[in-house]
Structures are given as structure tokens and as C-alpha cells.
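Here is how the chains run, residue by residue.
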Amino acid sequence: MLQGLREWFWQDWLWFPEGMGWADLESRDGQVFSKSGDLWMSLPIALCFLVIRQIFEWKVATPLAALLGVREKVRVHASHNPSLESYFRSTSKHPTQDEVKSLSKQTGSSEKQVHRWFRRRRNQERPNLLKKFREASWRFTFYLLAFIAGLAAVIDKPWFYEKEEMWKDFPKMPLLPSQYWYYMIELGFYFSLLFSVASDVKRKDFKEQIVHHVATILLISFSWCVNYIRAGTMIMLVHDSSDYLLESAKMFNYAGWRKTCNYIFIGFAAVFFISRLVLFPFWIMHATIVYPLTLYPTFFGYYFFNGLLMVLQCLHIFWFGLVLRMAIKFLPGNNIVEDERSDKEETDDSEDGDEEEEKERKTKNGPVQNGHLPLNNNHRKVD
């Protein structure tokens, strides 16, 4: 049954235009074509990336953070309280007001003390600046090197300038060594991101990031199998063109270099808009959706490939909305630019809380006179 399903799944008419098929991708006459089995190479590359990342963050990113002046905020830890800790771990990290009242009675603490305890406890679980900086510096390094390498691999190719060249001689387009390594390294990197997602900094767009990683892996893998490699290299290059700018802006933001961060972010926003909302839909997607219709009748692979591109484009629009929200902070009076996707640390207002409790305590004893409490203010007058 599985063999029959496999044979049906890989039928020529599903993945190629009429009259073409897998036989066209058989290596011959010294020409090498992409094979689905080549994709297994990306898994050991992904594992290598995970190891290299640990070494990079330890030997490069950490000293760089110290050089740029990354400073950790002093966090006040929540006091030891077994009841609240049990509730925090098993029930909710954000108790409602009714739950706070109940916990207040159970622990003998005031409601403000319970609120403060949960604020501090939540802050303890948030990643520190050094972790964020190391993660950003690792991604900055990869995206910058990948963009430079990708540009070097395609800048002398005719399909870099003429989108019609992406489909010339399809599917009999020989595989170049530069294309092989560009694909394997990019695919391995995205696999490494997927493997490390549980330990990386979780942001508000966590689900969107997962969708992006999965869609990217499927897109790279599918384009490799059916030899859409020319279009695939252009898609990867467009994506790498702006990512390194965002990561560098975050690095300077974590280091407190606000003006530098702002200038880089302006550059990132401009490149993101041009690459993701102009070049990607109106050049690359036009070359994969409109132009093939002038050459071949539609087939399932056509819809599948362009469906994945549409998923990516929807994510681009979503992320550009976040970019605009961040850009608003460049307006006069807004001095701090933060990643809108980040889970912001809650302010620990323990000092204010202590002052309020002190005021409450004094108020219970009556008004203050010249800085001193009336001695008999809480007693009835004796006639």
C-alpha cells in the first residue's frame, strides 16, 4: 500500500508540465541534476550549525557583548513561597484578580504583595539581555555571510537580471556547485533554527516564526527536488538581503546604542519594504506565477510551489506591520526602539508598593501631625 502511494505521489504529471518528468533529471553527458536524496546532507549540516553556534556565542558573541557595553538589569527575585510557586508552575503565571484575592488569603499576604511576587517571578523566566544579544549576533553573522555568498553565486548568472531565464531549458538545467552548497547551507540553517526553537528567545510572533521555518524548509526542499533551483536561489537571496540589518539593529539596541540602532533600523525598514513587498511579489512571484503560464499548462507542482510563496508573502505583510509600529517610535519624544515581537519585562514597582503600604499603615493610625502620629488617635475620648 505504501509503495503504491509513493508511486502515485511521485507521478510526473503532479510535479512537472505535460511531457516532462523525473527522467529529465537523470544525470547524463557529464551534466549533474538535483536529486531528492541530496537533501539528507542538510541534517548533518544543521547539527554542525548547532555546535558552531554554541562555540560562537561563547567565544565571539559574549566578548563582543562586553566590548559593546551590554549591561544586565538587576532583577529582584521573588521571595521563597511554596504556595505561590506551586500555583505559578501548575495553574497560571497571570492570575486573575479573584485568584489573587484567594492566594492572598491562603498565604497571609496582601494582594499587592501577591501581584508583586508574580511580576518578579515572571521576570525571572524572561531571557536576559546577554542571551538576546548572543542570539542576534549569531543570526547577524549567518545572514550577512549567506547574503554575500548568495550574491556571489548568482550575480554573474543571466537569471539574476532577466526573470525569463529562470525557466530557460526547464527542467533540464544542470546543477552548479555553488547552487548545491547555497541550498544545503541555507536548508541546514533553517533546520537548526527549527531544532533550537524551544531554547531560543520566544517572541510574540512565535507561531508565525514556526510557520515561516516550516514553509521555508518545504519551499527549499520542493524547489530542489523539481529543479526550480534558479528561482529558489533568488528567493533565498531576497530574504537574506534584509535579515542581517535587523539582527545588527537588535544587537546595538541591547547594547544601549540607541542612535546607531535607529539608523540601522531605518535602513532595514527600507530594504525590507523593497525586497519583501516590491521585488518578491512583483518580480520573483511574477516570474513563478504569471510567466510560466505563457510556456506550460498549469499542474499541481505549480500551485504547490506558488502556494508556499503566498504563505511567505502573507508573513511579510504581517511583519511589515510590526516594522511600521516600531517605526512610529522614531517620532519626536520617542527615544527607545524595542523589538515589537519581544516579550517586554514588567516594571518591578516594589519601592512604590512599599511606600503605598507604609501610607496605608499610617492612614489606619490617623492623620500625621508634624511628621508624628498622634498617640491617642485610635482611642475614644473619655468624658
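Residues take numbers from 1 onward in each chain, read along the sequence in its written order. Only residues with pLDDT of at least 70 are given local features in this predicted model, and only at 80 or more are side-chain atom pairs given and counted; all residues enter the totals for whole chains, interfaces and linings. Heavy atoms throughout the structure, all of them, feed into the side-chain values; hydrogens and water do not.

Per an unreviewed UniProt entry, the recorded name for the protein chain is Ceramide synthase 2a isoform X3, and the organism is Clupea harengus. UniProt positions are given in the numbering used here, feature names are shortened, and annotations may be inferred rather than shown by experiment. The Catalytic activity (unreviewed entry) field of the UniProt record for the protein chain holds the comment "sphinganine + octadecanoyl-CoA = N-(octadecanoyl)-sphinganine + CoA + H(+)".

Caption draft 1: Representation of the UniProt feature "transmembrane region" (unreviewed entry) in the protein chain. UniProt's entry tags residues 140-160, 180-198, 260-283 and 303-324 with the feature "transmembrane region" (unreviewed entry), counted in the numbering of this structure. Strands are runs of DSSP state E lasting at least two residues, helices are runs of H or I lasting at least four, and both sets are numbered from the N terminus onward. Along residues 260-283, the helical share is 100% and the strand share 0%, with 32 Å between the first and last C-alpha atoms. Along residues 303-324, the helical share is 100% and the strand share 0%, with 31 Å between the first and last C-alpha atoms.

Caption draft 2: Local environment of the side chain of K157. As for its placement among the helices and strands, K157 is situated in the loop between α7 (129-154) and α8 (177-195). Each residue is placed in one exposure class: buried if its accessible area under a 1.4 Å probe, protein chains only, is under 20% of its type's maximum, exposed if it is over 50%, and partly exposed if it falls in between. Owing to a relative accessible area of 14%, K157 belongs among the buried residues under this scheme. Within 3.5 Å is the distance limit for a polar contact, defined as a pair of N or O atoms, with the added protein rule that one can donate a hydrogen and the other accept it, and that residues adjacent in sequence qualify only through two side-chain atoms. Among the polar contacts listed, one links the side chain of K157 to the backbone oxygen of A153, at a separation of 2.8 Å.

Caption draft 3: How the structure looks around a nonpolar patch on the surface. Grouping into patches uses exposed residues only, defined as over 30% relative accessible area, and leaves out salt-bridged ones; the cut-off is 9 Å for like charges and 5 Å for nonpolar side chains (Val, Leu, Ile, Met, Phe, Trp, Tyr). Throughout, the Shrake-Rupley method with a 1.4 Å probe supplies accessible areas, and for residues the shown protein chains are the sole cover considered. By definition here, a salt bridge exists when the distance from a side-chain nitrogen of Lys or Arg to a carboxyl oxygen of Asp or Glu is within 4 Å. On the surface, L2, L5, W8, F9, W10 and W13 cluster together into a nonpolar patch covering about 700 Å² of accessible area. Here the nonpolar patch gets four residues from one element, more than from any other, and that element is helix α1 (residues 2-9). Counting through the fold element by element, W13 comes out in helix α2 (residues 12-15).

Caption draft 4: The arrangement of the packing of helix α9 (residues 206-225) against helix α10 (residues 229-254) in detail. Each axis is a line fitted through C-alpha atoms, taken for helices only over the stretch in contact, and angles between the N-to-C directions span 0 to 180 degrees. Contact geometry for α9 and α10: axes closest at 8 Å, N-to-C directions at 150°. The angle between α9 and α10 falls in the class roughly antiparallel. Regarding α9 and α10, the two cross each other, and that crossing is left-handed. Seen from α9, the contacting residues are H212, L219, I220, S223 and W224; seen from α10, they are I229, G232, I235, M236 and H239. Residues are sorted three ways: Asp, Glu, Lys and Arg are charged, Ala, Val, Leu, Ile, Met, Phe, Trp, Tyr, Cys and Pro are nonpolar, and all the rest, Gly among them, are polar. Residue composition of the contact of α9 with α10, by class: six nonpolar, four polar and no charged. These descriptions rest on fixed angle ranges, namely under 35 degrees for roughly parallel, over 145 for roughly antiparallel, 65 to 115 for roughly perpendicular, and the rest for oblique. If you view the pair so one helix is near and one far, a crossing is left-handed when the near helix is turned anticlockwise from the far one by less than a right angle, and right-handed when it is turned clockwise. Only heavy atoms enter the contact rule, under which two residues are in contact if any of them lie within 4.5 Å.

Caption draft 5: View of the pattern of salt bridges. Taken as a whole and judged by the stated rule, the model has seven salt bridges. Among the ionic pairs, K172 bridges to D24, the shortest N-O distance being 3.9 Å. With K172 in the loop between α7 and α8 and D24 in the loop between α2 and α3 (42-68), this pair connects stretches of sequence that are 148 residues apart. The class for K172 is partly exposed, based on a relative accessible area of 46%. D24 gets classed as buried once you look at its relative accessible area, which sits at 15%. One salt bridge connects R53 with E57, and the closest N-O pair in it is separated by 2.8 Å. Of this pair, R53 and E57 both sit in helix α3, separated by four residues, roughly a single helical turn. Since its relative accessible area comes to 11%, E57 is described here as buried.

Caption draft 6: Quick peek at the packing of aromatic side chains. Two aromatic rings from Phe, Tyr or Trp, using only the six-membered ring of Trp, form a pair when their centres are within 6.5 Å; if the ring planes differ by under 30 degrees the pair is stacked, by over 60 it is edge-to-face, and anything between is tilted. As enumerated under the stated definition, the model contains 36 aromatic pairs in all. Where Y180 meets W181, the ring centres are 5.1 Å apart and the plane angle is 85°; that geometry is what we call edge-to-face. Y180 gets classed as buried once you look at its relative accessible area, which sits at 19%. Put simply, the rings of W15, F16, W22, W167, F170, F222, Y228, Y296, F300, F304 and F305 touch in pairs and so form one group of aromatic residues. In this scheme, Lys NZ or Arg CZ marks a charge over a ring once it lies within 6 Å of the ring centre and within 35 degrees of the ring normal. Stacked on the ring of W58, the Lys or Arg K59 has its end atom at 4.1 Å from the ring centre.

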